[in-house]
Amino acid sequence: MNKDQVMNAPRSVLVMNDENVYADAIGAGHGLQRAEVAALAGRVAEFHRALRAQRGADIGFPELPYDAALAGQVRTAADEIRARCDNFVVLGIGGSALGAIAVHGALNHPFHNLLPSGHAARRGAPRLFVLDNVDPALIAAFLDVVEPELDRTVFNVITKSGSTAETMSQFLMVRDLLRRRGLDPAERIVLTTDPDPKRSLLRRMAQDEGYAAFPVPANVGGRFSVLSAVGLLSAAVGGVDVDALLAGAAAMDQRCGTADLDANPAARYAAIQYLLDGKGKSISVLMPYSSALRRLADWYCQLWAESLGKRQDLAGHDVFVGPTPVASVGVTDQHSVMQLYQDGPFDKVITLVEVEDATLGGADVPICTGDSEEELAYLAQSTFGKLLAAELAATRCALRDKHRPNLTLRVPRVGPAVLGELFMFFEHAVACSGGLYGINPFDQPGVELGKVYTYGLMGREGYDAPRGAGV
Ligand code: PA5
């Protein structure tokens, strides 16, 4: 069947085309039967009911788009920050960084930090940085850029737990630098952390040292927090329309309000991915044909891996499940990993993201306006937008013809509402996938173990170093 699944919510614009995951398109040995997807309807309905029951209590991410009060506070703070800085720096890691990076990559000018500050495309925003590593070479290089301008820099320290070694070490460094420069850290640091001072040391410091602070809701985990202050503040400082971002997310959330696999694209996506994993397609590639969405794919990898990569199921049995997410970008990776995707092991499902209008602000770029060689006329007379679209279509057909399951998520353009939809789509999909795998998609015991061992190795009181670490 050659039919897009056009979803019926009026404000949602994402279209999922799953025709190339079925046996009639890619062959019986590789594709699904539609009946297999339909057969999951009962289980999906069950998880959907459970999600609805826990929504707003244990599970907070679907509620984030509706927090208008927070959005207002973020906008106000962002206006004030924009007026007094040339650099805005996010200090955070994992779910406290990847959302901000995805938003910045998608919605700000690709060369934002290089544009002259008065350029219209900068939208009056400071330069934006996200420092999500403790590599000393990176830190030193970052300081080369920012230290001379400390008095025109604002830092947003984001850590839900308020204790992560990477972020807290960056916080200590920055506070120290500011103090040594005679600057008041409380004027130059904004915190985003758990609202409960009993849980977050950083929250206690906000109270003791007078930092402005935003909350990370207790029922929202790091990788689900991009639509909270975690992602919204840097977005608003960058001039992103956060109301549109949230509206897009709300539109998708509403579309996901049904368990009907023909109407809820996230549930259908989860069901397809789950079934294909069961057939040995355990690598889930997200490949946007858009440089702007490249970082969305990184965000997706964390969301997918930390949520679904689990040792135990809900009953405590060892299951060792989880598809392996991989980020790719079109067209770049057509000349890299695509060879493997087409001719290597039959272990992948590839999600392409198609952006109908991939231009910057609506103007396509002609390839050539003058004469060209005859052999190159097919290019010279065209545009980069048309070339990109042709390459995506070529990839989709090549994957199909090589019996590789692939889906396409089509959006009209990259903008705040569309990005909000995509965030919410994947978050609902991963929550539903957790149900299908029978695991808890909202914890991350492996990440926590790494944190605890790091504390031990660094000599934090109350923590032991792991055996045989040899540091
Ligand atoms: O998604 C998650 O929960 C993790 O990736 C966290 O975001 C990451 O470990 C950072 O934690 P925190 O925000 O507590 O510093």
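Look a little higher up for the structure.
Report follows, based on the coordinates. Source: prediction; values computed, not measured.

Let us look at the overall build of the protein chain. Across its full length, the protein chain holds 18 helices and 13 strands. Against the 2.2 N^0.38 benchmark of 23 Å for 471 residues, the protein chain shows a C-alpha radius of gyration of 23 Å, consistent with a compact globule. Counting only C-alpha atoms and orienting by the principal axes, one finds that the protein chain spans roughly 65 × 65 × 50 Å. For the protein chain, the share of sequence-separated contacts (at least 6 apart) that also reach a separation of at least 24 residues comes to 74%. A total of about 20,400 Å² of accessible surface is found on the protein chain, and carbon and sulfur atoms cover 54% of it. Seen as two clouds, the 44 positive and the 55 negative side-chain charges of the protein chain have centres 3 Å apart.

Most of strand β6 (residues 189-193) sits out of view: 5 of its 5 residues are buried. The side-chain alternation of β6 yields two buried faces, one formed by Ile189, Leu191 and Thr193 and the other by Val190 and Thr192. By the bridge criterion, 4 bridges tie strand β5 (residues 153-158) to β6 in an arrangement that is parallel. Bridged to Phe155 within β6 is Ile189. Looking at chain direction, β6 and strand β7 (residues 212-215) are connected through 4 bridges and run parallel. If you follow Val190 over to β7, its bridge partner there is Ala212. Read as a crossover between parallel neighbours, the route from β6 over helix α9 (residues 201-209) to β7 is right-handed.

Here the focus is the packing of helix α4 (residues 68-83) against helix α10 (residues 229-237). Contact geometry of α4 with α10 gives a least axis separation of 8 Å together with a crossing angle of 40 degrees. The angle between the axes of α4 and α10 places the two elements in the oblique class. As for the relative orientation of α4 and α10, their crossing is right-handed in sense. Between α4, through Leu70, Val74, Ala77, Ala78, Ile81 and Arg82, and α10, the contact on the second element is made entirely by Ala229, Leu232, Leu233, Ala236 and Val237. Its residues assigned to classes, the contact of α4 with α10 comprises 10 nonpolar, no polar and 1 charged.

Within this structure, the stated rule accounts for 2 cavities of 30 Å³ or more. As a volume, the largest cavity reaches approximately 80 Å³. In this structure, the largest cavity is lined by Phe88, Val90, Ala100, Val103, His104, Asn108, Leu128, Phe129, Val130, Ser234, Ala235 and Val240. Broken down by secondary-structure element, the contributors of at least two residues to the lining of the largest cavity are β3 (87-91), α5 (98-107), β4 (127-131) and α10. Grouping the constituent residues of the lining of the largest cavity by class yields 9 nonpolar, 3 polar and no charged. When its volume is computed, the second largest cavity comes out at roughly 40 Å³. Considering the residues around the second largest cavity, the lining is formed by Ala270, Gln273, Tyr274, Asp277, Trp304, Leu308, Pro323, Ser433 and Tyr437. Contributing elements (two or more residues each) for the lining of the second largest cavity: α12 (265-278), α13 (294-308) and α17 (416-437). Looking at the lining of the second largest cavity, the element that brings in the most residues is α12, giving 4 residues. Grouping the constituent residues of the lining of the second largest cavity by class yields 6 nonpolar, 2 polar and 1 charged.

Now for the packing of aromatic side chains. All told, the structure shown has 14 aromatic pairs when counted by the stated rule. Between Phe129 and Phe142, the aromatic rings sit 6.1 Å apart at their centres with planes inclined by 75 degrees, giving edge-to-face as the arrangement. Here Phe129, found in strand β4, pairs with Phe142, found in helix α6 (residues 136-146); they are 13 residues apart in sequence, far enough to count as distant. Phe142 matches Phe129 in its accessibility class, with the two residues each being buried. Clustering of aromatic rings is evident, with ring pairs tying together Tyr269, Tyr300, Trp304, Phe425 and Phe426.

For helix α3 (residues 41-54), spanning 14 residues, the distance from its first C-alpha to its last is 20 Å, which sits close to the expected 20 Å at 1.5 Å a residue. Those residues of α3 not exposed but buried are Val44, Phe47, His48 and Leu51. In a view along the axis of α3, the buried residues occupy a sector of 105 degrees, so they form one face of it. For α3, the exposed residues set more than 90 degrees away from the buried face come down to Arg49 and Ala53. The secondary structure elements touched by the buried residues of α3 are α12 and α17.

In the contact formed by helix α11 (residues 242-255) and α17, the axes pass within 6 Å of each other and the chain directions differ by 40 degrees. With respect to each other, α11 and α17 are oriented oblique. The two elements α11 and α17 cross, and the hand of that crossing is right-handed. Contacts between α11 and α17 involve Ala244, Leu245, Gly248, Ala249, Met252, Asp253 and Arg255 from the former and Pro416, Ala417, Leu419, Gly420, Glu421, Phe423, Met424, Phe425 and His428 from the latter.

All right, on to helix α7 (residues 165-180) then. Count 3.6 residues to each turn of an α-helix, and residues three or four apart come out pointing the same way. The end-to-end C-alpha distance of α7 is 22 Å, a good match for the 22 Å that 16 residues give at a rise of 1.5 Å each. Within the span of α7, buried status applies to Thr167, Met168, Gln170, Phe171, Val174, Arg175, Leu177 and Leu178. Gly182 sits one or two positions beyond α7 and adopts a positive phi of about 75 degrees.

Topologically, Lys310 is positioned in strand β9 (residues 310-312). A polar side-chain atom of Lys310 sits 2.8 Å from the main-chain carbonyl oxygen of Asn440. Once you skip the residues sitting within four places of it in the chain, Lys310 turns out to touch Arg223, Val319, Phe320, Val321, Ile439, Asn440, Pro441, Phe442, Asp443 and Pro445.

Criteria and thresholds
- Residues numbered from 1 in each chain as written.
- Predicted model: local features only at pLDDT ≥ 70, side-chain atom pairs only at ≥ 80, totals over all residues.
- Heavy atoms only, no water.
- Helix = DSSP H or I, 4+ residues; strand = E, 2+ residues; numbered from the N terminus.
- Rg over C-alpha atoms; globule rule 2.2 N^0.38 Å.
- Contact = heavy atoms within 4.5 Å.
- Areas by Shrake-Rupley, 256 points an atom, 1.4 Å probe, with all protein chains shown as cover.
- Lys, Arg positive; Asp, Glu negative; His and termini not counted.
- Charge placed at Lys NZ, Arg CZ, Asp CG, Glu CD.
- Buried < 20%, exposed > 50% of the residue type's maximum accessible area, 1.4 Å probe, protein only.
- Pairing = 2+ DSSP bridges.
- Right-handed = clockwise from strand over helix to strand, strands pointing away.
- Axes fitted to C-alpha atoms, helices over the stretch in contact; angles between N-to-C directions.
- Parallel < 35°, antiparallel > 145°, perpendicular 65-115°, else oblique.
- Left-handed = near helix turned anticlockwise from the far one by under 90°.
- Nonpolar A, V, L, I, M, F, W, Y, C, P; charged D, E, K, R; others polar.
- 1 Å grid on protein atoms, 1.4 Å probe; cavity = no way out; pocket = protein on both sides within 12 Å on 5 of 7 lines; lining within 4 Å.
- Points joined across faces, edges and corners; volume = space filled by probe spheres on them.
- Phe/Tyr/Trp six-rings, centres within 6.5 Å; stacked < 30°, edge-to-face > 60°.
- Expected span 1.5 Å × (residues − 1).
- Arc of directions from axis to C-beta.
- Polar contact = N/O pair within 3.5 Å; in protein donor to acceptor, adjacent residues only side chain to side chain.

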